[in-house]
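Structural features, examined
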Amino acid sequence: MRLHRLVAKQELPIDLETAWAFFSDPWNLPLITPPWLHLRLTSNPPHRIRPGLIITYQVTGLPFVRSVWVTEITHVVDRNLFVDEQRFGPYRFWHHQHRFEPIPGGVRVIDIVHYALPLSPLSEPIHRLLVRPRLREIFRYRREELERRFGRMAPAAASVAAAAAR
């Protein structure tokens, strides 16, 4: 099994409380997911995550192919991080860590995703040609949607935050 890693970072001009309230509500996931995935929650989760919470979705990862995806929230550290792990779905392994760090003028959101495809190593060409580009596109869409929703960091605040991160 080949384990892949994707890291996405974004700085938003909102406070930690606002970021946590938005990201820890499963009902907001469709708002930051590309429309071409047709993501639809099929369970009725509460508006706040907790460890052990099971959430079910349907997604269209490939044209005309609807997939069921079941995730479990395995870890929650209030206003700091949470982890969702796939229990059933298109990946052999999926572990998605969502981190939140207060920075001057806003919050840094960090996504660290470790994933593996079924049928590895046979699936590696599919990963290079389809899966990796699609995941990057999903996080690019998410970045743009979050900027539309919350705005962009002011250049001065962004450089102060970058200096503080070093």
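See the structure above.
Let us look at the structure shown here.

The rules we used
- Residues numbered from 1 in each chain as written.
- Predicted model: local features only at pLDDT ≥ 70, side-chain atom pairs only at ≥ 80, totals over all residues.
- Heavy atoms only, no water.
- Helix = DSSP H or I, 4+ residues; strand = E, 2+ residues; numbered from the N terminus.
- Buried < 20%, exposed > 50% of the residue type's maximum accessible area, 1.4 Å probe, protein only.
- Polar contact = N/O pair within 3.5 Å; in protein donor to acceptor, adjacent residues only side chain to side chain.
- Expected span 1.5 Å × (residues − 1).
- Bend = angle between axes of the 7 residues up to and from the residue.
- Contact = heavy atoms within 4.5 Å.
- Core = buried A, V, L, I, M, F, W, Y, C linked by side-chain atoms within 4.5 Å.

1. Concerning the side chain of histidine 4
- Position of histidine 4 among the secondary structure elements: in strand β1 (residues 4–12).
- Note on histidine 4: relative accessible area 7%, which makes it buried.
- Side-chain polar atoms of histidine 4 contact the side chain of glutamate 124, separated by 3.2 Å.

2. Quick look at helix α2 (residues 124–150)
- Between the first and last C-alpha of α2 there are 36 Å, a value that for 27 residues agrees with the 39 Å anticipated at 1.5 Å per step.
- The sharpest bend along α2 reaches about 35 degrees and sits at valine 131, with the proline proline 133 one to four residues further on.
- Buried positions along α2 lie against β1, α1 (16–23), β6 (93–103) and β7 (106–116).
- Following α2 by one or two positions, glycine 151 adopts a phi angle in the positive range, close to 95 degrees.

3. Notes on the nonpolar core
- Leu12, Phe23, Tyr91, Phe100, Val107, Tyr115 and Leu135 are the most contacted members of the largest nonpolar core, which totals 34 residues.
- When contributions to this core are tallied by element, the ones reaching two or more residues are β1, α1, β3 (54–62), β4 (65–77), β6, β7 and α2.
- With six residues, α2 is the single largest residue contributor to this core.
- Apart from residues lying up to four places away in sequence, leucine 135 is in contact with Leu6, Tyr91, Trp94 and Tyr115.

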